[in-house]
Structure formats: structure tokens, C-alpha cells
Amino acid sequence: MVDPNAPIRLVHASRGKIVRAEPVSALYEQGRVHHVGMFAELEDQLCSFAPGSAKSPDRLDALVYAISDLMVARAAPQLLFA
């Protein structure tokens, strides 16, 4: 709770995690996404996520939605909301 007045946007997953994460994964592969600081729990989820796993990676999901909103949706809206 750094800023309780920070704007939030609630989202609802209409597609599977893998499909949502593909455009974001491509941005990482292109070197267009960088993390500043240490995010050990997020990095653990990014490295250990296995498709079909019963555990839902909350930080990974939040990262995918944030990067999609910041980069993918602005570059090619049809990729995110098709």
C-alpha cells in the first residue's frame, strides 16, 4: 500500500495464459523489456511456470497485463484484443 489512491483497472481473462503471454514473451526475446531492481518472487514465477500447472502465477499474470497495456496494446491493438 504505497499509494492507496493509485489508479487501478480490473481485468478479466478472456483467453488462456499462454496466448496472453506470447506477445509479451516476444518483447522479452527482442530485448525490449528490462527490469530495474530485484523482483525475486516475480523472477521465480517467470522461470518456473509450467503450462497446465494448478498454481496460478499472480505476479506473472500482472506483469503480462501491465506490459500488454503499456507496449503491445499501443503498438498493435488487434494482437491483444483479437
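Since the structure is predicted, the reported quantities are computational estimates derived from the model, not experimental observations.

Student: Is there a simple way to explain the nonpolar core in this structure?
Tutor: Core analysis: the largest hydrophobic core is formed by nine residues, namely Ala21, Val24, Leu27, Val33, Leu42, Leu60, Leu63, Val64 and Ile67. When residues of this core are traced back to their parent elements, those giving at least two are α1 (17-29) and α3 (58-75). Looking at this core, the element that brings in the most residues is α3, giving four residues. Ignoring anything within four residues of it in the chain, the contact list for Leu63 reads Tyr28, His35, Leu42 and Leu46.

Student: Sorry, what's going on with the environment of Gly52 here?
Tutor: Mapped onto the secondary structure, Gly52 falls in the loop between α2 (40-48) and α3. A residue is classified by how much of its surface remains accessible, and Gly52, at 79% relative accessible area, is exposed. Put simply, Gly52 and Ile18 are 34 residues apart on the chain and 9.7 Å apart in space, counted from C-alpha to C-alpha.

Student: What should I look at first to understand the side chain of Asp61 in this one?
Tutor: Topologically, Asp61 is positioned in helix α3. Judged by relative accessible area, Asp61 falls into the buried class, the value being 15%. Those residues within four positions of Asp61 in sequence are excluded, and the remaining contacts are Lys17, Arg20 and Ser56.

Student: Hey, could you run me through the environment of Ala62 in this one?
Tutor: Here Ala62 shows up in helix α3. Along the sequence, Ala62 and Leu42 sit 20 residues apart, while their C-alpha atoms lie 9.7 Å from each other.

Student: In this structure, what is going on with α1? I would like to understand it.
Tutor: One full turn of an α-helix is made of 3.6 residues, so residues set three or four places apart face in the same direction. Its 13 residues give α1 an end-to-end C-alpha distance of 18 Å, which sits within 8% of 18 Å, the value for a rise of 1.5 Å per residue. Looking only at α1, the buried set comprises Arg20, Ala21, Pro23, Val24 and Leu27. At the C-terminal side of α1, Gly31 shows a positive phi close to 75 degrees.

Student: So what exactly am I meant to see when it comes to the confidence of the model for the chain here?
Tutor: As a general rule, the predicted coordinates of low-pLDDT regions are not to be interpreted in detail. When pLDDT is averaged along the chain, the result is 82; 85% of the residues meet or exceed 70. Per-element averaging of pLDDT across the chain places helix α4 (residues 77-81) at the bottom with 50 and α2 at the top with 92.

Student: Where do I start with the pattern of salt bridges in this structure?
Tutor: Where side chains of opposite charge bring their charged atoms close, a pairing between them can arise. Taken as a whole and judged by the stated rule, the model has five salt bridges. Between Asp61 and Lys17 there is a salt bridge whose closest N-O contact spans 2.9 Å. With Asp61 in helix α3 and Lys17 in helix α1, this pair connects stretches of sequence that are 44 residues apart. Between Glu41 and Arg59 there is a salt bridge, with its nearest N and O atoms 2.9 Å apart. Here Arg59 lies in helix α3 and Glu41 lies in helix α2, a separation of 18 residues in the sequence. Taking relative accessible area as the criterion, Arg59 reaches 35% and is therefore assigned partly exposed. One salt-bridge network, in which partners are shared between bridges, spans Lys17, Arg20 and Asp61.

Calculation criteria
- Residues take numbers from 1 onward in each chain, read along the sequence in its written order.
- The predicted nature of this model means local features are confined to residues of pLDDT at least 70 and side-chain atom pairs, given and counted, to a pLDDT of 80 or more, with totals for whole chains, interfaces and linings taken over all residues.
- Side-chain measures here rest on the full set of heavy atoms in the structure, leaving out hydrogens and waters.
- We call a set of buried residues a nonpolar core when its members are Ala, Val, Leu, Ile, Met, Phe, Trp, Tyr or Cys and they connect through side-chain atoms within 4.5 Å of each other.
- Exposed residues in this analysis have more than 50% of their type's maximum accessible area, buried residues have under 20%, and partly exposed residues fall in between, with area computed by a 1.4 Å probe over protein chains only.
- Each helix corresponds to a stretch of at least 4 residues labelled H or I by DSSP, and each strand to a stretch of at least 2 residues labelled E; elements are numbered beginning at the N terminus.
- A contact between two residues is defined here by any heavy atoms of the two lying within 4.5 Å.
- Expected span of a helix: the number of residues minus one, times 1.5 Å.
- Residue-level confidence of the predictor is what pLDDT reports, using numbers from 0 through 100.
- A carboxyl oxygen of Asp or Glu within 4 Å of a side-chain nitrogen of Lys or Arg is what we treat as a salt bridge.

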